[in-house]
Every structure is written in C-alpha cells, then in structure tokens.
Amino acid sequence: MKTVGVLVSGRGSNLQALIDAQRRSELGGEIVVVVSNVLTAQGLDRARRAGIPALFRDHRGKAREEFDAEIVEILRHHGVDLVCLAGFMRLLSPVFVRAFPGRILNVHPALLPSFAGRDAQRQALDHGVKVSGATVHIVDEGEDSGPIVAQEAVPVLPGDGVETLAARILEAEHRIYPRAVRLLLEGRCRIEGRRVIAEGE
Ligand code: GRF
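Residues numbered from 1 in each chain as written. Predicted model: local features only at pLDDT ≥ 70, side-chain atom pairs only at ≥ 80, totals over all residues. Heavy atoms only, no water.

1. Here we look at the overall build of the chain
Then, in step 1: Counting its secondary structure elements, the chain contains six helices and nine strands.
Then, in step 2: The globule rule puts the C-alpha radius of gyration for 201 residues at 17 Å, and the 16 Å found for the chain is close to it.
Then, in step 3: Summarising its shape, the C-alpha atoms of the chain cover approximately 50 × 45 × 35 Å along the three principal directions.
Then, in step 4: Counting every position in the chain, which comprises 201 residues, the buried fraction comes to 50%.
Then, in step 5: Taking as baseline every contact in the chain between residues at least 6 positions apart, the subset at least 24 positions apart corresponds to 62%.
Then, in step 6: Within the structure as shown, the chain displays about 9800 Å² of accessible surface, and the carbon and sulfur contribution to it stands at 49%. (Helix = DSSP H or I, 4+ residues; strand = E, 2+ residues; numbered from the N terminus. Rg over C-alpha atoms; globule rule 2.2 N^0.38 Å. Buried < 20%, exposed > 50% of the residue type's maximum accessible area, 1.4 Å probe, protein only. Contact = heavy atoms within 4.5 Å. Areas by Shrake-Rupley, 256 points an atom, 1.4 Å probe, with all protein chains shown as cover.)

So this is what it looks like as structure tokens:
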C-alpha cells in the first residue's frame, strides 16, 4: 500500500476530499500523517477525527531550510511515498523539493499557468476572465510552476465575488485532487519535461 503525507495550514477541505476518497477506496493509497504549521488548523481536527496522526510544527523563528528539514524528517519517519500540499501556506525550499523529487503535489485555485501565487481567485476576477478553474501540479522549485497533472475548468459568472468563485472552484479541486493522487500512486503516468502523460494518452 502506497502512503501519503498531507500538509495543511487551515480549513483542510482538500484533505477531507482525500480522506473521503480513501474511505471509498479511490485514493490508491493511505494517508499516514498530516502536518500543519498552524496549531489551530481545522485540517488537524479533520485528520484526528479520521484516526490519522496529526502533528503541529511551528515555523516561526526558524530558517525556512530548518523548518523544511523538520517536516521532511517527519514524512520520512512515516515512510511517505507522496506528499500532498493542501492549503499549505508555505513555499518549500529546495531542501524539501529535492527530498521528494516528482513526489510532491499541490492544488491551486486557478488554471495554471494563469494566476499563480496568492489570491488566485481575486487575480482571475480582476483580470476579467470568463473561465478559471483548478489545477493539481507536481511541485518543483518554482512557485506553482511544476508539471500539470489535472485541471478542471470552472465558469466565472456575472456577479461573482471572490467567495462565490472560490466556492465553485473548490468543488472542482475536491474532484481532481483525489484523482491526481491516485494516478501518481498507481504509477499510471510519466513525466516528460513539463508534461505529465497519463496511461493511455
Ligand atoms: C484551496 O483553494 C487551495 O487551492 C489553496 O488553498 C485552499 C485550501 O483550502 N492552495 P482547504 O484548506 O483545502 O479547504
């Protein structure tokens, strides 16, 4: 059985989507640890309720590399095959990315490469796009720049504000994240440069 470690900083609804997929035997593996840099993150409660070890590690007062090395150590200790960032509000240092090459996923609330970085839904509204969406990508050493595993388009509707658009995109995130995790865990895709090619494509 392949193993997953999930990093969260807040609400943890994507973590919940992964937990729910695991319950339905649709994740292709088992979530063995959840780590948060925020003590009060709702994601930690969701993990505990699901019986998953849930740990808090404070990043404050530490160099980025020092904090990242701590998290890498925890993930290795739990024998994690795949790391899922799920609303983890920290940029990863090269130390972290190189510890799990091609084995870190992130979910982003826009159709990358549009609107990378923070406030992606706000960026989409300000730009006036008619379609945005959700992306799951492999994490490389840039920000939201790694190879794309899965995307789903979401319409931007007249009258949308950040909250309504974010809610619509979130539903897409919850659909594509478990599917992307399964694809990787089952080894049903390969990476060629920037492209992730799923089996049969
Ligand atoms: C999601 O919109 C995700 O795309 C972004 O942060 C948000 C996290 O939400 N990276 P949740 O904590 O999974 O509910």
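2. Regarding the pairing of strand β6 (residues 131-138)
For a regular strand, side chains alternate in direction, first toward one face of the sheet and then toward the other.
Then, in step 1: When you tally the buried positions in β6, you get seven out of eight residues, the bulk of the element.
Then, in step 2: Relative to β6, strand β5 (residues 104-108) is paired through four bridges, and the arrangement is antiparallel. Among the inter-strand pairings, leucine 105 is bridged to a residue of β6, identified as isoleucine 138.
Then, in step 3: Strand direction decides the pairing type here: β6 and strand β7 (residues 148-155), joined by seven bridges, are antiparallel. When the sheet's bridge partners are listed, glycine 133 is paired in β7 with alanine 153. (Pairing = 2+ DSSP bridges.)

3. Focus: the layout of surface pockets
If a probe the size of a water molecule is rolled over the atoms, the empty space left behind becomes visible.
Then, in step 1: Roughly 950 Å³ of internal volume is contained in the largest pocket.
Then, in step 2: Lining the largest pocket are 38 residues, with Gly87, Phe88, Met89, Val107 and Pro109 positioned closest to its centre.
Then, in step 3: Those elements giving two or more residues to the lining of the largest pocket turn out to be α1 (13-23), β5, α5 (120-127) and α6 (162-185).
Then, in step 4: The greatest single-element share of the lining of the largest pocket, amounting to six residues, is contributed by α6.
Then, in step 5: Across the lining of the largest pocket, the residue classes break down as 16 nonpolar, eleven polar and eleven charged. (1 Å grid on protein atoms, 1.4 Å probe; cavity = no way out; pocket = protein on both sides within 12 Å on 5 of 7 lines; lining within 4 Å. Points joined across faces, edges and corners; volume = space filled by probe spheres on them. Nonpolar A, V, L, I, M, F, W, Y, C, P; charged D, E, K, R; others polar.)

4. Overview of helix α2 (residues 42-49)
Then, in step 1: For α2, the set of buried residues is Gly43, Leu44, Arg46 and Ala47. Across the axial projection of α2, the buried residues extend over an arc of 160°, all falling on one side. (Arc of directions from axis to C-beta.)

5. As for the site of the ligand
Then, in step 1: Taken together, Arg11, Gly12, Ser13, Asn14, Gly87, Val107, His108, Pro109, Leu170 and Glu173 make up the full set of residues near the ligand.
Then, in step 2: Here an oxygen atom of the ligand and a side-chain polar atom of glutamate 173 are 2.7 Å apart.
Then, in step 3: Protein burial of the ligand: of its 370 Å² of free accessible surface, 85% is covered by the chains.
Then, in step 4: For the shell around the ligand, the elements supplying multiple residues, two or more each, are α1, β5 and α6.
Then, in step 5: Among the residues forming the shell around the ligand, the class breakdown is three nonpolar, five polar and two charged. (Near = heavy atom within 4 Å. Polar contact = N/O pair within 3.5 Å; in protein donor to acceptor, adjacent residues only side chain to side chain.)

6. So, the packing of α5 against α6
Then, in step 1: Here α5 crosses α6 at 115°, and the two axes come no closer than 9 Å. Viewed along their axes, α5 and α6 form a crossing whose handedness is right-handed. Only Val162, Leu165, Ala166 and Ile169 of α6 make contact with α5, whose side of the interface consists of Gln121, Arg122, Ala124 and Leu125.
Then, in step 2: Of the residues belonging to the contact of α5 with α6, the class tally is six nonpolar, one polar and one charged. (Axes fitted to C-alpha atoms, helices over the stretch in contact; angles between N-to-C directions. Left-handed = near helix turned anticlockwise from the far one by under 90°.)

7. A few points about the state of the cysteines
Disulfides are covalent bonds that link the sulfur atoms of two cysteine residues.
Then, in step 1: Scanning all chains against the criterion turns up zero disulfides.
Then, in step 2: The thiol sulfur of cysteine 84 is not disulfide-bonded, and the nearest other cysteine sulfur, from cysteine 189, lies at 13 Å.
Then, in step 3: Residue cysteine 84 is classed as buried on the basis of its relative accessible area, which comes to 0%. (Disulfide = S-S within 2.5 Å.)

8. A look at the pattern of salt bridges
Then, in step 1: According to the stated counting rule, one finds 13 salt bridges in the structure shown.
Then, in step 2: Across the salt bridge formed by arginine 98 and glutamate 141, the nearest N and O atoms sit 2.8 Å from each other. Here arginine 98 is found in helix α4 (residues 94-99), whereas its partner glutamate 141 is found in the loop between β6 and β7, with 43 residues between them in sequence.
Then, in step 3: Arginine 98 gets classed as exposed once you look at its relative accessible area, which sits at 58%.
Then, in step 4: The class for glutamate 141 is partly exposed, based on a relative accessible area of 43%.
Then, in step 5: Each of Arg57, Lys62 and Glu70 takes part in salt bridges that share partners, so that together they form one network. (Salt bridge = Lys/Arg side-chain N within 4 Å of Asp/Glu carboxyl O.)

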